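Spelled out from the first residue to the last, the chains are:
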Amino acid sequence: MKAPRGLVALRRLSGFTVSVAITAIISVAAIPTLITALGAVTWAQIGVAQTFVQFAAIFVGFGWGATGPALVASTAMPRRHALFTESVRSRLILAVIAAPLTFGILTVMLRGDMMIAGLGTIAYLLPALGGTWFYAGAAQPARLLLQNTLPTALGTIAGIVAAHVTHQAWSFLLMQAMGSLVAATCDTTYIWKHTRGVADDTEVRSTRTVLASQKHAVITSGTSSLYVTLPVIAINWFLGEGPALATYLIADRMFRFASIAFLPIQQFFQGWVPEVPSEFGRRARIATIAGSGIGAVGGACIAFLSPVFGPILGASEIDVPLSVSGPLGIAFVGIGTTAVVGYACLVAVGRTRALAVSTVVGAVVGAPLILLSAWAESLFLVASAVAVSEICVAAYQLLALRASLRSGAPLISGADGPATVLPPMNR
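A few points on the structure.

Definitions and limits used
- Residues numbered from 1 in each chain as written.
- Predicted model: local features only at pLDDT ≥ 70, side-chain atom pairs only at ≥ 80, totals over all residues.
- Heavy atoms only, no water.
- Axes fitted to C-alpha atoms, helices over the stretch in contact; angles between N-to-C directions.
- Helix = DSSP H or I, 4+ residues; strand = E, 2+ residues; numbered from the N terminus.
- Parallel < 35°, antiparallel > 145°, perpendicular 65-115°, else oblique.
- Left-handed = near helix turned anticlockwise from the far one by under 90°.
- Contact = heavy atoms within 4.5 Å.
- Nonpolar A, V, L, I, M, F, W, Y, C, P; charged D, E, K, R; others polar.
- 1 Å grid on protein atoms, 1.4 Å probe; cavity = no way out; pocket = protein on both sides within 12 Å on 5 of 7 lines; lining within 4 Å.
- Points joined across faces, edges and corners; volume = space filled by probe spheres on them.
- Salt bridge = Lys/Arg side-chain N within 4 Å of Asp/Glu carboxyl O.
- Buried < 20%, exposed > 50% of the residue type's maximum accessible area, 1.4 Å probe, protein only.

Remarks on the packing of helix H11 (residues 243-272) against helix H13 (residues 322-346)
Point 1. The contact between H11 and H13 brings their axes to 10 Å, and the two run at 25°. Considering their axes alone, H11 and H13 lie roughly parallel with respect to each other. The handedness of the crossing between H11 and H13 is right-handed. Contacts from Tyr248, Ala251, Asp252, Phe255, Ala258, Ser259, Phe262, Gln266, Phe269 and Gln270 in H11 reach Val324, Leu328, Ala331, Phe332, Ile335, Gly336, Ala339, Val340, Tyr343 and Ala344 in H13.
Point 2. A class-by-class count of the residues in the contact of H11 with H13 yields 15 nonpolar, four polar and one charged.

Listed below in structure tokens is the structure:
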């Protein structure tokens, strides 16, 4: 007997939540333990490395993390093998190009610390070669847990233990790199074998063609991460590795933990919204309301709980004032909205260009404000600039989705498949 849709949806959501919960718990626990083992300054160096390399990893992932789930969800099983093969080949080429550039820039940012720069580049670049986006689109939370989450989590746990034994940052990063390598290998091996067994004769496109098709997705991912990553880089540049950097890093981690907690919601809607083309309009409205509402709740938690948990995460060495957590809480309302409206709804109707334009708008507005705020040595203004960026992006995407629903935009059904035209909504 076929399970009810509501039960299936609940199972998917709870499945993705398990992986996110494991990742979040370990990440939260790692902060005070690493500060105790390595000191706040060294931990801040690791934080800078993680923030910058994860930004660089966006260009290796080249947008598959953003649009991949919706594309997989709307692609027939026999064609998924070609889709994944194209992605793996393209990302490996990009990784070979990005790794040395990332290492060089990070070495300069860390004032010549090549050990942290090198291991940090490997540890935080490797996840871009994984397949979390594919599991989300294929609605396989159990595989995400077994193939990706557990190896990564075990690597981080081993790194925490190693840091306490050696009191050296390199030992933590080495264990994280090993965990990331195992996860990426398991992802690629499983997905390639699993999809190969049902693959049709779909021809694998050239790398140039594949990358060209992903241009809007990578612009979206890159620019949206710019105004989240730039504050840490700007504060490190203008204020140095002092208390201000550590304070913002703790606030930034709380912000990112909330984003991680929101991830199963996003993953669920990325598969659920385009799943039934005839119900797209109704599902898009439900997803938009849910994303904005959950984002508001998460934003309130960031604003009012960061000052409480900040000293706990910072091993009593770091406080997070409301003047920093408040604006970041407002920014999270925008994050919750765009995570669903952009990546679940606009992608499903092929509006990746609108997605890219929205993030460019956010970057054009936010980046100069962030740099000026860091130059003025004001953490409040830096956090406020991030909030302004996210709200601008959310507003643009909401207008784009409204226009798409009113015009009856075609719902994509895969890279090579036909489109399903949505009926125009009543004005």
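Points about the layout of surface pockets
Point 1. By volume, the largest pocket is sized at about 340 Å³.
Point 2. Lining the largest pocket are 17 residues; nearest its centre among them are Met254, Phe257, Ala258, Ala261 and Cys301.
Point 3. Among the secondary structure elements, those contributing two or more residues to the lining of the largest pocket are helix H1 (5-38), H11 and helix H12 (280-313).
Point 4. In the lining of the largest pocket, the residues fall into 16 nonpolar, one polar and no charged.

What about the pattern of salt bridges?
Point 1. The full count for this structure, using the stated rule, is four salt bridges.
Point 2. Close ionic contact of Asp252 with Arg253 constitutes a salt bridge, the shortest N to O distance being 2.8 Å.
Point 3. Relative accessible area serves as the criterion here: at 7%, Arg253 is assigned to the buried category.
Point 4. Asp252 is the partner of Arg256 in a salt bridge, and the nearest nitrogen-oxygen pair spans 2.7 Å. Taken as a pair, Arg256 and Asp252 lie in helix H11 at a separation of four residues, close to a single helical turn.
Point 5. Residue Asp252 is classed as buried on the basis of its relative accessible area of 2%.
Point 6. Connected via shared salt-bridge partners are Asp252, Arg253 and Arg256.

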